[in-house]
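Coordinate inspection notes
As a plain string of letters, each chain reads:
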Amino acid sequence: MAFHHSPRIVQDGLVFCMDPANVKGYVSGSTSGTDLIQDTPYSLVSAVEYQSNNAGVWNFGGTDDYISVNSLATGIEGDSPTTIAAWVLSTDTTLRQAAFNYGTNTNNRARGLEVGTPYSGTRYNICFHTHGHVYSSNNNAFTENEWHYCVVTYAGGGTNSTNIKFYINGADAGYELDFGSEGQTLNTPNSGIKLGQRYVGSDLDLLGQIGSIHMYNRVLTPAEVLQNYNALKGRFK
């Protein structure tokens, strides 16, 4: 399926996109759909529901509500570079919540974009969870009951402040080691893809809404992150 989202969204390196507002991949009220890049099937599980606000979003109730995605034909595996980006609203930022993640319950074999309160960090931040290690923003910009464009980039070559960057609403959100250690080489499999819950298991449930998800096979520049934010910020006021 061709990708026909806003022409202002960066498309170079885009390997995965889900958006409940785009009828090419999802019809409102359905319990299944396909991503807009590779036609990868996904299923809405439990009480995840479509809501029409902000042109179309998915609502997660915080208890066993998630979206399960089949393994991608072309995913981001091993220690490869990536950008994971999502429009997210949380109604309880005291919680540590999975927006988009995949992998297994083995150290350095997962990649997760989480929001709210990091594992051992400060409320109102986002984090990158690789299982066994957590890295987070530190500017406290992920406020409650508001839409935010949350982005993490990983350049490969080991986890540290040079290779991991966080952005909230197009701006650099800072960096800190939240749990574990730096210098880790990832070995992520292309499996266990979920929105709204941990990749394996039944925790880190999201209490809130997701508007769209983008994943790239490269690191977006700060200018490209800002471009994507500006392209959709009018929808998520």
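Heads up: the structure comes first, above all this text.
To start, this report covers the structure provided alongside it.

So, how was this worked out
- Residues numbered from 1 in each chain as written.
- Predicted model: local features only at pLDDT ≥ 70, side-chain atom pairs only at ≥ 80, totals over all residues.
- Heavy atoms only, no water.
- Core = buried A, V, L, I, M, F, W, Y, C linked by side-chain atoms within 4.5 Å.
- Buried < 20%, exposed > 50% of the residue type's maximum accessible area, 1.4 Å probe, protein only.
- Contact = heavy atoms within 4.5 Å.
- Helix = DSSP H or I, 4+ residues; strand = E, 2+ residues; numbered from the N terminus.
- Pairing = 2+ DSSP bridges.
- Axes fitted to C-alpha atoms, helices over the stretch in contact; angles between N-to-C directions.
- Salt bridge = Lys/Arg side-chain N within 4 Å of Asp/Glu carboxyl O.

Turning our attention to the nonpolar core. F16, W58, I67, F100, F166, L195 and M215 are the most contacted members of the largest nonpolar core, which totals 40 residues. Beyond its immediate sequence surroundings of up to four residues, M215 is in contact with G13, L14, V15, F16, L72, I76, T82, T83, I84, F100 and Y102.

Here we take up the environment of S181. Mapped onto the fold, S181 is located in the loop between β15 (176–179) and β16 (193–195). Here the alpha-carbon distance between S181 and V134, two residues 47 residues apart in the chain, equals 8.1 Å. Apart from the residues lying within four places of it in its own chain, the contact partners of S181 are H133, Y135 and T159.

Counting buried residues along strand β8 (residues 96–103), eight of its eight residues qualify, which places the element largely inside the surrounding structure. Where β8 meets strand β9 (residues 110–116), seven bridges bridge the pair, whose relative direction is antiparallel. The residue of β9 that forms the bridge with N101 is G112. Connecting β8 to the antiparallel partner β9 that follows it, the hairpin turn spans six residues, and N108 within it adopts a positive phi of roughly 65 degrees. As judged from the two bridges shared by β8 and β16, these two strands associate in the antiparallel manner. Bridge assignment links F100 to a residue of β16, and that residue is L195.

Tracing the backbone shows H214 in strand β17 (residues 207–216). By relative accessible area, H214 is classed as buried at 1%. What H214 contacts, discounting residues up to four positions off in sequence, is I9, L14, F16, C17, T83, I84, A85 and L232.

This part is about the sheet that holds β16. Overall, antiparallel pairing links the nine strands, which are arranged β2-β3-β6-β16-β8-β9-β10-β11-β15 in an open sheet. The open sheet has two edge strands with one neighbour each: β2 (32–34) and β15. Within this sheet the neighbouring strands show an average axis-to-axis angle of 25 degrees, counted without direction.

Summed over all chains, the structure comprises six salt bridges. Of the charged contacts, one joins E144 and R123 as a salt bridge, the two residues approaching to 2.9 Å between their closest N and O atoms. With E144 in the loop between β11 (134–136) and β12 (147–154) and R123 in the loop between β9 and β10 (125–129), this residue pair connects regions lying 21 residues apart in the sequence. Residue classification places E144 among the partly exposed residues on the basis of a relative accessible area of 26%. The exposure class assigned to R123 is partly exposed, which follows from its relative accessible area of 28%.

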